[in-house]
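Report on the structure
Take a look at the letters that make up each chain.
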Amino acid sequence: MAGRILLTGGAGYIGSHTYVELKSAGHDVVILDNFSNARHDVIDRLEVITDGPVTLHEGDVLDKAFLASVFAAHQFDAVIHFAAKKAVGESVEKPLDYFETNCTGFSNLLMAMRDGGVFRVVFSSTATVYGEPETLPFTEDHRLAPLSPYAQSKVVCETLLAQCKTADDRWAYGILRYFNPAGAHDSALIGEDPNDIPNNLMPYIAKVATGELPTLNVFGDDYDTPDGTGVRDYIHVVDLARGHVQSVAKLIGGNETHTLNLGTGIGYSVFDMLHAYERACGKKLPYRIAPRRAGDIDCFYADPTLANDWLGFEARRDLDDMCRTSWNWVSRRKNT
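These notes cover the structure that comes with them. (Residues numbered from 1 in each chain as written. Predicted model: local features only at pLDDT ≥ 70, side-chain atom pairs only at ≥ 80, totals over all residues. Heavy atoms only, no water.)

**Concerning the nonpolar core**
This is how the line gets drawn: We define the nonpolar core as a collection of buried residues of types Ala, Val, Leu, Ile, Met, Phe, Trp, Tyr and Cys that are connected through side-chain atoms lying within 4.5 Å of one another. Only protein chains enter the accessibility calculation, which uses a 1.4 Å probe; a residue is then buried when its area is under 20% of its type maximum, exposed when over 50%, and partly exposed in between. Each helix is a run of H or I in the DSSP string that is no shorter than four residues. Each strand is a run of E no shorter than two, and both are numbered from the N terminus. Pairs of residues are marked as contacts when any of their non-hydrogen atoms sit within 4.5 Å.
Counting residues in hydrophobic clusters, the biggest one holds 37 residues, and the most contacted among them are Leu7, Leu22, Leu46, Ile80 and Val248. Top element by residues in this core is helix 8 (residues 237-254). It accounts for seven residues. Setting aside residues no more than four positions away along its own chain, Leu7 makes contact with Gly15, Thr18, Tyr19, Leu22, Val29, Val30, Ile31, Leu32, Ile80 and Phe82.

**Concerning the pattern of salt bridges**
Operational definition: Here, a salt bridge means any Lys or Arg side-chain nitrogen found within 4 Å of an Asp or Glu carboxyl oxygen.
The tally for this structure, following the rule as stated, stands at 20 salt bridges. Linking Arg114 and Asp115 is a salt bridge whose minimum nitrogen-to-oxygen distance equals 3.1 Å. Several salt bridges share partner residues, and in doing so they unite Arg39, Asp193, Lys207, Glu212 and Arg333 into one network.

**Notes on unusual backbone geometry**
Looking along the chain, the bond that leaves Leu136 and enters Pro137 is cis, with omega of -5 degrees. Summarising the element assignment, Pro137 is placed in the loop between strand 5 (120-126) and helix 6 (149-167).

**Regarding the side chain of Ser269**
This is how it is decided: Polar contacts, as used here, are pairs of N or O atoms within 3.5 Å; protein pairs need one atom able to donate a hydrogen and one able to accept it. Residues neighboring in sequence count only if both atoms are side-chain atoms.
Positionally, Ser269 belongs in strand 12 (residues 268-269). Judged by relative accessible area, Ser269 falls into the buried class, the value being 3%. Within the local environment of Ser269, its side chain forms a polar contact with the side chain of Asp227, the two groups lying 2.6 Å apart. Once you skip the residues sitting within four places of it in the chain, Ser269 turns out to touch Asp227, Thr229, Gly230 and Val231.

**Notes on the sheet that holds strand 4 (residues 78-81)**
Rule in force here: DSSP-based pairing: two strands are paired if at least 2 bridges between them are found. Axes, fitted as lines to C-alpha atoms, cover a helix only where it is in contact. Angles between the N-to-C directions of the axes lie from 0 to 180 degrees.
With parallel pairing, the seven strands of this open sheet are ordered in space as 3-2-1-4-5-6-11. Two strands bound the open sheet, and with one partner strand each, they are strand 3 (55-58) and strand 11 (258-262). Neighbour-to-neighbour, the strand axes of the sheet open up by a mean angle of 20 degrees, direction not taken into account. Bridging between strand 2 (residues 28-33) and strand 3 involves four bridges; their strand directions are parallel. Bridge assignment links Val30 to a residue of strand 3, and that residue is Thr55. The sheet strands contacting helix 3 (residues 64-73) are strand 1 (4-8), strand 2, strand 3 and strand 4, and the helix crosses strand 3 at an angle near 160 degrees.

**Re the packing of helix 1 (residues 13-24) against helix 8**
Threshold: By definition in this entry, angles of less than 35 degrees are roughly parallel, angles greater than 145 are roughly antiparallel, angles of 65 to 115 are roughly perpendicular, and the rest are oblique. Left-handed describes a crossing whose near helix is turned anticlockwise from the far helix through less than a right angle; right-handed describes the clockwise counterpart. Side-chain classes follow a simple rule in which Ala, Val, Leu, Ile, Met, Phe, Trp, Tyr, Cys and Pro form the nonpolar group, Asp, Glu, Lys and Arg form the charged group, and the remainder, Gly included, forms the polar group.
Remark: helix 1 packs on helix 8, axes separated minimally by 8 Å, with the N-to-C direction vectors making an angle of 60 degrees. Considering their axes alone, helix 1 and helix 8 lie oblique with respect to each other. Crossing of helix 1 over helix 8 shows right-handed handedness. Contacts between helix 1 and helix 8 involve Tyr13, Ile14, His17, Thr18, Glu21 and Leu22 from the former and Val237, Val238, Leu240, Ala241, Arg242, His244, Val245 and Val248 from the latter. Grouping the amino acids of the contact of helix 1 with helix 8 by side-chain chemistry returns nine nonpolar, three polar and two charged.

**Here's the deal with the packing of helix 3 against helix 5 (residues 95-116)**
Packing of helix 3 against helix 5 leaves a shortest axis separation of 9 Å and a crossing angle of 35 degrees. Once helix 3 is placed against helix 5, the crossing between them reads as right-handed. Side by side, helix 3 and helix 5 meet where Lys64, Leu67 and Phe71 of the first sit next to Asn108, Leu109, Met111, Ala112 and Met113 of the second.

**Structural notes on the sheet that holds strand 9 (residues 231-232)**
Taken in spatial order, the three strands make up an open sheet running 12-9-14, and their pairing is mixed. Each edge of the sheet is formed by a strand with only one pairing partner; in this case those strands are strand 12 and strand 14 (299-300).

**Description of the side chain of Thr225**
With respect to the secondary-structure elements, Thr225 resides in the loop between strand 8 (216-219) and strand 9. A relative accessible area of 13% means that Thr225 is categorised as buried. Only 3.0 Å separates the side chain of Thr225 from the backbone nitrogen of Gly228, close enough to count as a polar contact. Each residue touching Thr225, except ones within four places of it in the same chain, is listed here: Val231, Asp298 and Cys299.

As structure tokens, then:
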């Protein structure tokens, strides 16, 4: 069932891919973004991919008057919320900034939704809410033990949603705890484009492949894993975007609240990622073994069974697809 969706943070990495998938599914989509971590030309690229104009409101979720004006201008059926800060390391250095944007901003959005008569929201959460694994793979009933201000801010927002529903049963929400998005759109027009040194593995490898960075630092090769490097669950960003479309459809179609993992259920090591990227770009990439980082763990991957049961969600793309589409994107960007 199609509807009109407000997409906060819709010009960002995951948000822009979700915009494309929402439009493909027949939804009317409005983007809200302050472009603090996105480029304005993403909007032009989205218009090319979807062959139509993008409706955009530029502003911040911390601005209550701005939010009120957006909800006064449209009658939304649901909101998908991506507008948040997301770097674990930065959150340790700037906890106040993270709680202001992620928690106060989300509270402002929920109040604007309530005042606008909109009670369906898909919330972009994270698997880092689980902390160190007691068991693997992670299931949704694993205890929450956030280890960073970023992860803690997501737990606060998840808790707020549950408390809103307890107070007013008109609320219906989808909490999506996802693992490590990677890759880019098949058009090579949108993809991950960090402004500075990347925090995540694939965009870092991509910058080594393009020559923007000299070498990949592999932080530890003595973990209890098959090749000694850390293992993580990477999911293609287009698969992740489809999961958001399925979640919002569940809300529009039946107000069915859910909390789900979005991942592949497959763990890939740092060397798995490096070698797959070498296949994608057709050359060997330099790396060096560096000391372990504090807080890093051996393995971290999802059990996606519940998402499949609830949404029919299934990750269709593998690591080679992630690397191939990433390389197409970064090599095109570097040559334009």
